[in-house]
Amino acid sequence: AQTVTQSQPEMSVQEAETVTLSCTYDTSESNYYLFWYKQPPSRQMILVIRQEAYKQQNATENRFSVNFQKAAKSFSLKISDSQLGDTAMYFCAFMTQGAQKLVFGQGTRLTINP
Amino acid sequence: DAEITQSPRHKITETGRQVTLACHQTWNHNNMFWYRQDLGHGLRLIHYSYGVQDTNKGEVSDGYSVSRSNTEDLPLTLESAASSQTSVYFCASSDLTSAEVNEQFFGPGTRLTVL
């Protein structure tokens, strides 16, 4: 069974700073996908970024980028120039190819301070 | 616009009662999922369906059931509600085209309290 671990329950940074959220996972599969979801206080789940395991290039979406280390089974999220609107719970998630089911980490509560 | 809705948004019930949470999507997606969210656990998969008449158990399926009679709906039933089922429940849907993985779209969630 796949597991996803987020070792940082809470983080707090100042506005405009860069912050990195950690995620590790365990799997014996070779083809899979990794995701970061954002959950603001509204409770809505929002996809931030995703990474296909077969792609060596790290995914980037505007201020959000990932550091995908396949051998180490590590998938961290970097938020550059953080904004107040980035305050949210962030979940790392894993999906095996074809299964379409998500396995989530425990979440990291990120607070951006003015 | 296509969307995924859940009802009710909040529900308070008593131990032992049967409860049904509704999920309706207008994306025409084949795949539908139910997750529960608890502090310290993230979201955990309860049941899922890959199409009409198909249902499968997830990681935490005990005490829950689902049925899929059409593409749009996947209701989640708690047969006899227990206090341990107090949680926030999310429904999600996705579609799979060729070999690409597609984004799961989440509903707004239902907060269920079992007293």
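Residues numbered from 1 in each chain as written. Chains lettered and ligands numbered in written order. Predicted model: local features only at pLDDT ≥ 70, side-chain atom pairs only at ≥ 80, totals over all residues. Heavy atoms only, no water.

## Some thoughts on the overall build of chain B
Applied cut-off: What counts as a helix is a DSSP run of H or I of at least four residues, what counts as a strand is a run of E of at least two, and both are numbered from the N terminus. As defined in this context, the radius of gyration uses C-alpha atoms, and a globule is described by 2.2 Å times the residue total to the power 0.38. Here the term buried applies to any residue with accessible area under 20% of the maximum for its type, exposed to any over 50%, and partly exposed to those in between, with areas from a 1.4 Å probe on protein chains only.
Within chain B one finds zero helices and 11 strands. Ordered by position in the sequence, the α and β elements of chain B form the string β-β-β-β-β-β-β-β-β-β-β. Its C-alpha radius of gyration of 14 Å places chain B within 12% of the 13 Å reference for a compact globule of 115 residues. Burial analysis of chain B (115 residues in total) assigns 46% to the buried set.

## Focus on the state of the cysteines
All names here are of chain A. Put simply, the rule reads: Throughout, a disulfide means two cysteine sulfur atoms within 2.5 Å of one another.
As enumerated under the stated definition, the model contains two disulfides over all chains in all. Between the sulfur atoms of C23 and its disulfide mate C92 the distance is 2.0 Å. Disulfide C23 to C92: torsion about the S-S bond roughly -70°, handedness left-handed. On the criterion of sequence distance, the pair formed by C23 in the loop between β3 (19–21) and β4 (24–26) and C92 in strand β10 (residues 88–96) is long-range, its members being 69 residues apart.

## A look at the interface of chain B and chain A
Where the parts come together, the accessible area they lose is often given as the size of the interface. Spelled out, the test is: Contact criterion: two residues are considered in contact whenever any of their non-hydrogen atoms come within 4.5 Å of each other. Take the accessible area each of two parts loses on contact, using a 1.4 Å probe, and add the two losses: that sum is the buried area. A side-chain nitrogen of Lys or Arg and a carboxyl oxygen of Asp or Glu constitute a salt bridge if their distance falls within 4 Å. Between N or O atoms, a polar contact is any pair within 3.5 Å; within protein, one atom must be a potential hydrogen donor and the other a potential acceptor, and residues adjacent in sequence are included only when both atoms are from side chains.
With 30 residues of chain B at the contact, the number on the chain A side is 21 residues. Buried surface at the junction of chain B and chain A, summed over both partners, amounts to about 2,000 Å²; 50% is from carbon and sulfur atoms. On inspection of chain B and its partner chain A, the count reaches zero salt bridges. Run the count over chain B and chain A and you get seven residue pairs in polar contact (both at pLDDT 80 or more).

## Overview of the packing of aromatic side chains
In plain terms, the rule: Only Phe, Tyr and Trp rings take part, Trp by its six-membered ring, and two of them pair if their centres are within 6.5 Å. Stacked means planes under 30 degrees apart, edge-to-face means over 60, and tilted covers everything else.
Applying the stated criterion across every chain, the model contains 18 aromatic pairs over all chains. Centre to centre, the rings of Y37(A) and F104(A) are 5.9 Å apart; their planes meet at 55°, and the pair counts as tilted. Taken as a pair, Y37(A) in strand β5 (residues 32–39) and F104(A) in strand β11 (residues 103–104) lie far apart in primary sequence, 67 residues in all. When sorted by exposure, Y37(A) lands in the same class as F104(A), which is buried. Residues F68(A) and F75(A) carry aromatic rings whose centres are separated by 6.3 Å and whose planes lie at 80° to one another, so their mutual orientation is edge-to-face. F75(A) matches F68(A) in its accessibility class, with the two residues each being buried. Counting every residue linked through ring pairs, the aromatic cluster contains F35(A), Y37(A), F91(A), F104(A), F33(B), Y35(B), Y48(B), Y50(B), F90(B) and F106(B).

## Focus: the nonpolar core
Residues and elements named next belong to chain A. Definition in use: Throughout this description, the term nonpolar core refers to a set of buried Ala, Val, Leu, Ile, Met, Phe, Trp, Tyr and Cys residues connected via side-chain atoms within 4.5 Å.
Counting residues in each nonpolar core, the largest one holds 25 residues, and the members touching the most others are Y25, W36, F75, L77 and Y90. Those elements that place two or more of their residues in this core are β3, β5, β6 (46–52), β8 (64–69), β9 (74–79), β10 and β12 (108–113). If one sorts the elements of this core by residue count, β10 sits on top with four residues. In contact with Y90, not counting residues within four places along its chain, are Q6, L21, W36, Y37, K38, V48, F64, L77, I79, G107, T108 and L110.

## Describing the sheet that holds strand β8 (residues 76–78) of chain B
Sheets are built from strands that pair by backbone hydrogen bonding, the pairs being arranged parallel or antiparallel. All names here are of chain B. Filter applied, for reference: When DSSP finds two or more bridges between a pair of strands, those strands are recorded as paired. Structural elements are reduced to axes, namely lines fitted to C-alpha atoms, with helices fitted over the stretch in contact, and the angle between N-to-C directions of any two is expressed from 0 to 180 degrees.
Taken in spatial order, the four strands make up an open sheet running β1-β3-β8-β7, and their pairing is antiparallel. Bordering the open sheet on either side are β1 (4–7) and β7 (64–66), each of which pairs with just one other strand. Each strand axis lies, on average, 20° off the axis of its neighbour in the sheet, ignoring direction. The pairing of β1 with strand β3 (residues 19–25) spans four bridges and is classified as antiparallel. Looking across to β3, one finds that S7 is bridged to A22.

## Describing the environment of A1(A)
Residue and element names in this part refer to chain A. Relative to the assigned elements, A1 resides in the segment before β1 (3–5). On the basis of relative accessibility, which here comes to 99%, the residue A1 falls in the exposed class. Considered as a pair, A1 and S76 are 75 residues apart in the sequence and their alpha carbons are 21 Å apart.

## Notes on the confidence of the model for chain A
Quick note on the threshold: A score between 0 and 100, pLDDT records how confident the predictor is in each residue.
Here chain A averages 94 in pLDDT, while 100% of its residues score no lower than 70. Per-residue pLDDT, averaged within each element of chain A, yields its smallest value for strand β7 (residues 60–61) of chain A (92) and its largest for β3(A) (98).

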